Amino acid sequence: MTDMTDMPKGALHGIKVLDLSRVLAGPSCTQILADLGADVIKVERPKIGDETRHWAPPTFSDDTSAYYATINRNKKSLTVDITTPAGQTIIKQLIADSDILVENFKVGGLKKYGLDYDSLKQDNPRLIYASLTGFGQTGPDAKRPGYDYIIQGLSGLMSITGPSDGEPHKVGVAVVDLFAGLQLTIGIQAALLARQHTGTGQHVDVALLDSALSMLANVGMNHLASDKIPPRLGNDHPNIVPYQVFAAQGEVHFILACGNDHQFAKLCTVLSVDWHTDARFATNPDRVANRELLCAELTKIFAKHPRAYWLEILDQVGVPCGAIHNVAEALAMPQVSAREMIVDFAAQGSPVRALGNPIKLSASPVSYRTPPPRLSEHTDSTLADLGYDSEMIAKLKADGIV
């Protein structure tokens, strides 16, 4: 790992973030901000902490759950009972000097503690208050709880995922949570830029449902353009053919992705067929209309040779294709190492290894300064920075406030 003393300051160096979020979507956002150099204080419940600390196995050798370690590096852990007046005082003291607050409580859940946006902006008008909820701050479903799996179903995403002749499938990871976390990050950074011009912060409102609907992308647009309900196509593409999975000899699968007519013509040359001049297949709309016929013929041909054979000759002529890796194979790719997409915290005395940040900035790169914090690791130091002496901190601990 690169020596931090040799690293330039991150793009968000000097930005202070108070993270009241937990589980995945909100913390994924604050980890991105932290990777980019922001100072992030993660507020957790005393003794319990973020529930993902207990989502195990697996764990690393220091008992850090893999799930928690996914989205909590580069943060400080402060435990505070925000349901108490003393705890609320601590949070408000921190907010007075914060640029950003991130929360994923139910709509209105923080108002009873005086920690809602309308209350806090009175004392800190520059505060950017970022809320991530299931359904957003407005609308008839605003107060409903939201979970990634439920939202994948409600949004239509599951209706287009899975085999065409089987049941709907969710995506293998909580993709709506992660996508919403990215949207929240974008909204926060836009609000930071806007604040440079206006001098004031604002409320950033991101919903899991809104994010999932935007993920429908071209499939959602297909419906808006045609009023037809998009079918579930398994590994097929709704608008491009051939753009799917095929089985090579021995039932070993690979992906073929012909994105245009020129690539299809190259495929035909490799296969020694003249389908690119056949009126049934010459253009992509023709191929979409005759999908089943074309793909049945391709299936017969690809079954004649091993996957390695097809990948080599297709790659040689520039036809997009690729193997289907398991996770171990994916993480072992030389490209993954070259892009520093696996982060090892051994130099910081931690057994945690983590997936890296995909954002590569030339002048202010992301940094991996600290591993996921132990529960309440930074409570004493954070309170000391606020002016609490050792006796005051001891009293807060005795009272269960921190």
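Use the structure listed above.
Residues numbered from 1 in each chain as written. Predicted model: local features only at pLDDT ≥ 70, side-chain atom pairs only at ≥ 80, totals over all residues. Heavy atoms only, no water.

### Some details on the overall build of the chain
Secondary structure summary: the chain contains 16 helices and eleven strands in total. Seen through its C-alpha atoms, the chain measures out along the principal axes to roughly 85 × 50 × 40 Å. Looking at the chain as a whole, 43% of its 402 residues are labelled buried. If you take every contact in the chain between residues at least 6 apart in sequence, the share linking residues at least 24 apart comes to 66%. In the structure as shown, the chain presents an accessible area of about 20600 Å², 56% of it carried by carbon and sulfur atoms. Side-chain charges of the chain comprise 36 positive and 44 negative groups, with the mean position of each set lying 2 Å from the other. (Helix = DSSP H or I, 4+ residues; strand = E, 2+ residues; numbered from the N terminus. Buried < 20%, exposed > 50% of the residue type's maximum accessible area, 1.4 Å probe, protein only. Contact = heavy atoms within 4.5 Å. Areas by Shrake-Rupley, 256 points an atom, 1.4 Å probe, with all protein chains shown as cover. Lys, Arg positive; Asp, Glu negative; His and termini not counted. Charge placed at Lys NZ, Arg CZ, Asp CG, Glu CD.)

### Considering the sheet that holds strand E4 (residues 100–103)
Here six strands make up an open sheet; going across it, the order is E3-E2-E1-E4-E5-E6 and the pairing parallel. The two strands at the open ends of the sheet, each matched to only one other strand, are strand E3 (75–79) and strand E6 (203–207). Here the average twist between neighbouring strands, direction ignored, is 20°. Of the strand pairs in this sheet, E4 and strand E5 (residues 128–133) are connected by four bridges, and their pairing is parallel. Paired with Ile100 across the bridge in E5 is Ile128. Its contacts with the sheet put helix H1 (residues 25–35) on strand E1 (16–19), strand E2 (39–44), E3, E4 and E5, and the angle it makes with E1 is roughly 160°. Here helix H3 (residues 85–95) sits on the sheet and contacts E1, E2, E3 and E4; the angle it forms with E1, its principal contact strand, is near 155°. (Pairing = 2+ DSSP bridges. Axes fitted to C-alpha atoms, helices over the stretch in contact; angles between N-to-C directions.)

### Here we look at helix H7 (residues 208–215)
Within the span of H7, buried status applies to Leu208, Leu209, Ser211 and Ala212. Projected down its long axis, H7 carries its buried residues within an arc of 160°, all on one side. The inward-facing, buried residues of H7 contact H1, E5, helix H5 (148–154), helix H6 (175–198) and E6. After H7 finishes, the residue Ala217 shows a positive phi value of roughly 45°. (Arc of directions from axis to C-beta.)

### Here we look at the sheet that holds strand E7 (residues 243–247)
Sheet architecture is open: three strands sit in the order E7-E8-E9, paired in antiparallel fashion. Of all strands in the sheet, those bounded by a partner on one side alone are E7 and strand E9 (321–323). Adjacent strand axes in the sheet meet at a mean angle of 25° when their direction is disregarded. The sheet contact formed by E7 and strand E8 (residues 253–257) spans five bridges and is antiparallel. Following the sheet pairing, Val245 is matched in E8 by Ile255.

### Details of the packing of aromatic side chains
Aromatic ring pairs: the centre-centre distance and the angle between the two ring planes describe each pair. In the structure shown here, the tally under the stated rule is seven aromatic pairs. Taking 4.9 Å as the distance between ring centres and 80° as the angle between the ring planes, the aromatic pair formed by Trp55 and Tyr67 counts as edge-to-face. One end of the pair, Trp55, is in the loop between E2 and helix H2 (66–70); the other, Tyr67, is in helix H2, and twelve residues separate them in sequence. Take Trp55: its relative accessible area is 39%, and that puts it in the partly exposed class. Each ring, one from Tyr309 and one from Trp310, has its centre 5.0 Å from the other, and the planes form 75°; the classification is edge-to-face. Aromatic rings pair up to connect Phe246, Phe254, Phe302, Tyr309 and Trp310 into one cluster. (Phe/Tyr/Trp six-rings, centres within 6.5 Å; stacked < 30°, edge-to-face > 60°.)

### Some remarks on the packing of helix H9 (residues 261–271) against helix H11 (residues 291–302)
Running from N to C, H9 and H11 point in directions that differ by 40°, and their axes come no closer than 12 Å. In this view, H9 runs oblique relative to H11, as classed from their interaxial angle. The two elements H9 and H11 cross, and the hand of that crossing is left-handed. Only Leu294, Leu298, Ile301 and Phe302 of H11 make contact with H9, whose side of the interface consists of Phe264, Leu267 and Leu271. Classifying every residue of the contact of H9 with H11 gives seven nonpolar, no polar and no charged. (Parallel < 35°, antiparallel > 145°, perpendicular 65-115°, else oblique. Left-handed = near helix turned anticlockwise from the far one by under 90°. Nonpolar A, V, L, I, M, F, W, Y, C, P; charged D, E, K, R; others polar.)

### Side note on the pairing of E8
The antiparallel pairing of E7 with E8 creates a hairpin that spans five residues between the two strands, and Gly250 there sits at a positive phi of about 85°. By the bridge criterion, three bridges tie E8 to E9 in an arrangement that is antiparallel. The partner of Phe254 across the bridge, within E9, is Ala323.

### Thoughts on the nonpolar core
Core analysis: the largest hydrophobic core is formed by 38 residues, its most contacted members being Val17, Leu33, Ile100, Leu184 and Ile188. Residue contributions to this core peak at six residues, all from H6. Once you skip the residues sitting within four places of it in the chain, Ile100 turns out to touch Ile15, Lys16, Val17, Leu18, Leu33, Leu127, Ile128, Ile188 and Leu192. The next biggest cluster of nonpolar side chains, apart from the first, holds 25 residues, and it includes Ile41, Ile91, Leu94 and Ile95. (Core = buried A, V, L, I, M, F, W, Y, C linked by side-chain atoms within 4.5 Å.)

### Description of the pairing of E2
With five of six residues buried, E2 lies mostly within the body of the structure. Inspection of the sheet shows E1 paired to E2 by four bridges, in the parallel sense. Paired with Lys16 across the bridge in E2 is Asp39. With respect to chirality, the unit in which E1 leads through H1 into the neighbouring parallel E2 is right-handed. Note that E2 and E3 share five bridges and pair parallel. Residue pairing across strands places Glu44 opposite Thr79, the latter belonging to E3. (Right-handed = clockwise from strand over helix to strand, strands pointing away.)

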